[in-house]
Amino acid sequence: MTIETVGVVGAGQMGNGIAHVFALSGFGVILTDVAPESLDKALTTITRNLDRQVSREKITAEQKDAALARIRTTLDIAELGQTDLVIEAATERESVKQSIFDSLLPHLKPETILATNTSSISITRLASRTDRPEKFIGVHFMNPVPVMQLVELIRGIATDEATYNELIGVIETLGKTPASAEDFPAFIVNRILIPMINEAVYTLYEGVGNVRSIDMAMKLGANHPMGPLELADFIGLDTCLAIMNVLHDGLADTKYRPCPLLTKYVEAGWLGRKAGRGFYDYRGETPVPTR
Ligand SMILES: CC(=O)CC(=O)SCCNC(=O)CCNC(=O)[C@H](O)C(C)(C)COP(=O)(O)OP(=O)(O)OC[C@H]1O[C@@H](n2cnc3c(N)ncnc32)[C@H](O)[C@@H]1OP(=O)(O)O
Ligand SMILES: NC(=O)C1=CN([C@@H]2O[C@H](COP(=O)(O)OP(=O)(O)OC[C@H]3O[C@@H](n4cnc5c(N)ncnc54)[C@H](OP(=O)(O)O)[C@@H]3O)[C@@H](O)[C@H]2O)C=CC1
């Protein structure tokens, strides 16, 4: 099958990045979300990130304009019926993803591949509730999508070889590197990364360090490009907590217990950068630690 047009469901930080890289690689993109403001914000972010790539001479102004012209936004999920591949990138909650698939499936062509960018949820379980488990696959992009090289590919128990091979080709066309992960909670990257972030929150909770000292320690002491709390804010604290809950429920091991302080920040709506506040407050000129 030739994939020419890609549907992206969810226009948050991952959805806009996925739309960006597909459009830049020549695919037509239809981006949908439930909120018109999210679609407007996504287009503003994509334009800003393309401008950054133009100013760093990674792409030309013509490539930027052509990429933007390939992206269409809509509030009507039925419009994704014309696409060859759909990537679901909505909130990390199984019920949300489930209801998206329920409303999307009646409109899809039988040959369309259905992918999810979930960062932790079982691909096999999500696939089993669709009409095409053999054409269902996990395609896990990393944040920020235009920059990060890796894409994890996760096959559910029923995913067929043709779908897997098709996606390897697509990811290579995007200039990225596919890596296969088995379908266990949070796959490879987040199985390792998110417990590390959770441990950093425990370090804060127990008073071993404050926000600044913990981030500085890991940046200067372990050469991480961002400190773990800065990275948690970047990912989204709701997403970090959702992933810890999937690990805790799925592996039934207390070592995956989400830190109560992480839960408290999420309960406060302090979800990180996207909410203007998390372990840092981003509402002023420079980020200020909240603890
Ligand atoms: C939760 C999950 O399910 C899985 C995940 O995604 S986990 C999160 C994985 N991501 C990470 O761990 C990111 C860690 N952080 C980093 O790698 C870096 O801090 C960073 C790349 C985000 C920014 O790097 P930096 O050096 O501080 O900033 P900066 O110099 O402005 O940017 C570096 C490059 O990225 C580009 N860039 C940064 N953000 C960008 C964006 N949103 N869009 C396009 N380009 C971007 C810059 O243009 C620059 O490109 P060049 O080097 O080619 O000139
Ligand atoms: N953040 C990260 O670093 C990474 C996240 N992921 C995964 O990508 C997915 C998206 O995460 P991320 O972009 O960070 O989250 P965001 O919160 O930034 O964006 C999620 C978007 O989905 C929208 N949405 C919610 N419900 C629906 C629906 N029914 N139909 C369409 N859109 C909907 C939200 O709208 P509204 O705001 O109105 O609710 C929001 O715009 C998650 O599965 C996450 O686990 C994967 C890799 C990295």
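Residues numbered from 1 in each chain as written. Chains lettered and ligands numbered in written order. Predicted model: local features only at pLDDT ≥ 70, side-chain atom pairs only at ≥ 80, totals over all residues. Heavy atoms only, no water.

Going by an unreviewed UniProt entry, the chain carries the name 3-hydroxybutyryl-CoA dehydrogenase and comes from Rhodobacter lacus. In the Sequence similarities (unreviewed entry) part of its UniProt record, the chain is described as follows: "Belongs to the 3-hydroxyacyl-CoA dehydrogenase family." (UniProt positions renumbered as here; feature names shortened; annotations may be inferred.)

Lining the immediate surroundings of ligand 1 are 18 residues, of which Lys58, Ser119, His140, Asn143 and Asn190 lie closest. Here Asn49 contributes a side-chain N or O atom positioned 3.4 Å from a nitrogen atom of ligand 1. Within the side chain of Arg56, an N or O atom sits 3.1 Å from an oxygen atom of ligand 1. (Near = heavy atom within 4 Å. Polar contact = N/O pair within 3.5 Å; in protein donor to acceptor, adjacent residues only side chain to side chain.)

Summed over the entire model, instances satisfying the criterion amount to 7 aromatic pairs. Ring geometry for Phe22 against Phe141: centres 6.3 Å apart, planes inclined by 65°, an arrangement best described as edge-to-face. Of this pair, Phe22 sits in helix α1 (residues 13-24) while Phe141 is found in strand β6 (residues 136-141), placing the two residues 119 residues apart along the sequence. Ring geometry for Tyr280 versus Tyr282: centroids 6.3 Å apart, planes at 50°, classification tilted. Neither Tyr280 nor Tyr282 differs from the other in exposure class; each is buried. One aromatic cluster is present, formed by Phe22, Phe27 and Phe141 through successive ring pairs. (Phe/Tyr/Trp six-rings, centres within 6.5 Å; stacked < 30°, edge-to-face > 60°. Helix = DSSP H or I, 4+ residues; strand = E, 2+ residues; numbered from the N terminus. Buried < 20%, exposed > 50% of the residue type's maximum accessible area, 1.4 Å probe, protein only.)

This part is about the site of ligand 2. Close to ligand 2 lie 25 residues; Asp33, Glu92, Lys97, Ser119 and Ile235 are nearest. With respect to ligand 2, the side chain of Asn143 contributes an N or O atom lying 3.1 Å from an oxygen atom. Between ligand 2 and Ile235 there is a distance of 2.8 Å, counted from a nitrogen atom to a backbone nitrogen or oxygen. Alone, ligand 2 offers 890 Å² of accessible surface; in the complex the protein occludes 81% of this. For the shell around ligand 2, the leading source of residues is helix α4 (residues 94-104), giving 3 residues. Residues of the shell around ligand 2, tallied by class, amount to 10 nonpolar, 11 polar and 4 charged. (Areas by Shrake-Rupley, 256 points an atom, 1.4 Å probe, with all protein chains shown as cover. Nonpolar A, V, L, I, M, F, W, Y, C, P; charged D, E, K, R; others polar.)

A few words now on the environment of Thr73. With respect to the helices, strands and loops of the structure, Thr73 is situated in strand β3 (residues 71-74). Residue Thr73 is classed as partly exposed on the basis of its relative accessible area, which comes to 30%. Each C-alpha atom, one on Thr73 and one on Asp40, is 8.7 Å from the other, the two residues being 33 residues apart in sequence. If sequence neighbours within four positions are ignored, Thr73 has contacts with Leu31, Leu39 and Leu43. (Contact = heavy atoms within 4.5 Å.)

Here Gly269 lies in the loop between α11 (260-267) and β9 (280-281). Between the C-alpha atom of Gly269 and that of Asp238, which follows or precedes it by 31 residues, the distance is 8.6 Å.

It is at 9 Å that the axes of helix α7 (residues 189-205) and helix α9 (residues 228-235) come closest, and there the two elements cross at 120°. Taken together, the axes of α7 and α9 are oblique relative to one another. Seen along the crossing, α7 lies across α9 with a hand that is left-handed. Only Pro228, Leu229, Leu231, Ala232 and Ile235 of α9 make contact with α7, whose side of the interface consists of Leu193, Ile194, Met196, Ile197, Ala200, Val201 and Leu204. A per-class count over the contact of α7 with α9 returns 12 nonpolar, no polar and no charged. (Axes fitted to C-alpha atoms, helices over the stretch in contact; angles between N-to-C directions. Parallel < 35°, antiparallel > 145°, perpendicular 65-115°, else oblique. Left-handed = near helix turned anticlockwise from the far one by under 90°.)

What follows concerns the UniProt feature "domain: 3-hydroxyacyl-CoA dehydrogenase NAD binding" (unreviewed entry) in the chain. In the numbering used here, UniProt assigns the feature "domain: 3-hydroxyacyl-CoA dehydrogenase NAD binding" (unreviewed entry) to residues 5-183. Secondary structure over residues 5-183 splits into 40% helix and 22% strand, and the C-alpha atoms at its two ends are 27 Å apart.

Take the UniProt feature "domain: 3-hydroxyacyl-CoA dehydrogenase C-terminal" (unreviewed entry) in the chain next. Taking the numbering used here, the UniProt-annotated feature "domain: 3-hydroxyacyl-CoA dehydrogenase C-terminal" (unreviewed entry) corresponds to residues 187-282. In residues 187-282, helix accounts for 62% and strand for 2%; the two terminal C-alpha atoms are 31 Å from one another.

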